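# Descriptive structure summary
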Amino acid sequence: MKLTKRLNNFIQEVANVAVLEENSDVTYEECVAEYTDQLENDDYFSVVCYAEYKGIVIPKALKRILK
């Protein structure tokens, strides 16, 4: 998947939430790298489910995975 500005903003938003988790042992940079890799390789089910669980708005380009 080609990363748009909206998708990059989504990655950053999810990464910010992930590093604030209690007992988080990952860095912001690690999260961004992992989520970017997931989106680029069309393997983003986990990040989308996590974002939905945390109440983050899912970009239209990724919503199809939830169906």
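Report on the accompanying structure. Worth saying up front: this structure is predicted, and the values here are computed from it rather than measured.

A few words now on the overall build of the protein chain. Along the backbone of the protein chain there are three helices and zero strands. Going from N to C terminus, the protein chain has its helices and strands arranged as α-α-α. Rg of the C-alpha trace for the protein chain: 11 Å, near the compact-globule value of 11 Å for 67 residues, within the 12% margin. For the protein chain, the C-alpha atoms occupy an extent of roughly 30 × 20 × 20 Å along the three principal directions. For the protein chain, buried positions account for 28% of its 67 residues. A sequence separation of at least 24 residues applies to 49% of the contacts in the protein chain between residues at least 6 apart. For the protein chain, the accessible surface area stands at approximately 4600 Å², while carbon and sulfur atoms represent 49% of it.

Moving on: the pattern of salt bridges. Under the criterion given, the structure shown has one salt bridge. Its salt-bridge partner being E21, residue K54 comes within 2.7 Å of it at the nearest N-O pair. With K54 in the segment after α3 (45-53) and E21 in the loop between α1 (5-19) and α2 (28-40), this residue pair connects regions lying 33 residues apart in the sequence. Residue K54 is classed as partly exposed on the basis of its relative accessible area of 35%. When its relative accessible area of 29% is taken as the criterion, E21 is described as partly exposed.

Counting through the fold element by element, Q38 comes out in helix α2. Here E34 takes part through its side chain, which lies 2.9 Å from a polar atom of the side chain of Q38. Beyond its immediate stretch of four places on either side in the chain, Q38 contacts D43, Y44, S46 and V47.

With that out of the way, let us pick up the packing of α1 against α2. Packed helices, taken two at a time, are described by the angle their axes make and the gap between the axes. The contact between α1 and α2 brings their axes to 9 Å, and the two run at 135°. Considering their axes alone, α1 and α2 lie oblique with respect to each other. Remark: the crossing between α1 and α2 carries right-handed chirality. In contact with L7, I11, Q12, V14, A15, N16, A18 and V19 of α1, α2 contributes Y28, C31, V32, Y35, T36 and L39. Its residues assigned to classes, the contact of α1 with α2 shows 11 nonpolar, three polar and no charged.

Thresholds, definitions, all that
- Residues numbered from 1 in each chain as written.
- Predicted model: local features only at pLDDT ≥ 70, side-chain atom pairs only at ≥ 80, totals over all residues.
- Heavy atoms only, no water.
- Helix = DSSP H or I, 4+ residues; strand = E, 2+ residues; numbered from the N terminus.
- Rg over C-alpha atoms; globule rule 2.2 N^0.38 Å.
- Buried < 20%, exposed > 50% of the residue type's maximum accessible area, 1.4 Å probe, protein only.
- Contact = heavy atoms within 4.5 Å.
- Areas by Shrake-Rupley, 256 points an atom, 1.4 Å probe, with all protein chains shown as cover.
- Salt bridge = Lys/Arg side-chain N within 4 Å of Asp/Glu carboxyl O.
- Polar contact = N/O pair within 3.5 Å; in protein donor to acceptor, adjacent residues only side chain to side chain.
- Axes fitted to C-alpha atoms, helices over the stretch in contact; angles between N-to-C directions.
- Parallel < 35°, antiparallel > 145°, perpendicular 65-115°, else oblique.
- Left-handed = near helix turned anticlockwise from the far one by under 90°.
- Nonpolar A, V, L, I, M, F, W, Y, C, P; charged D, E, K, R; others polar.

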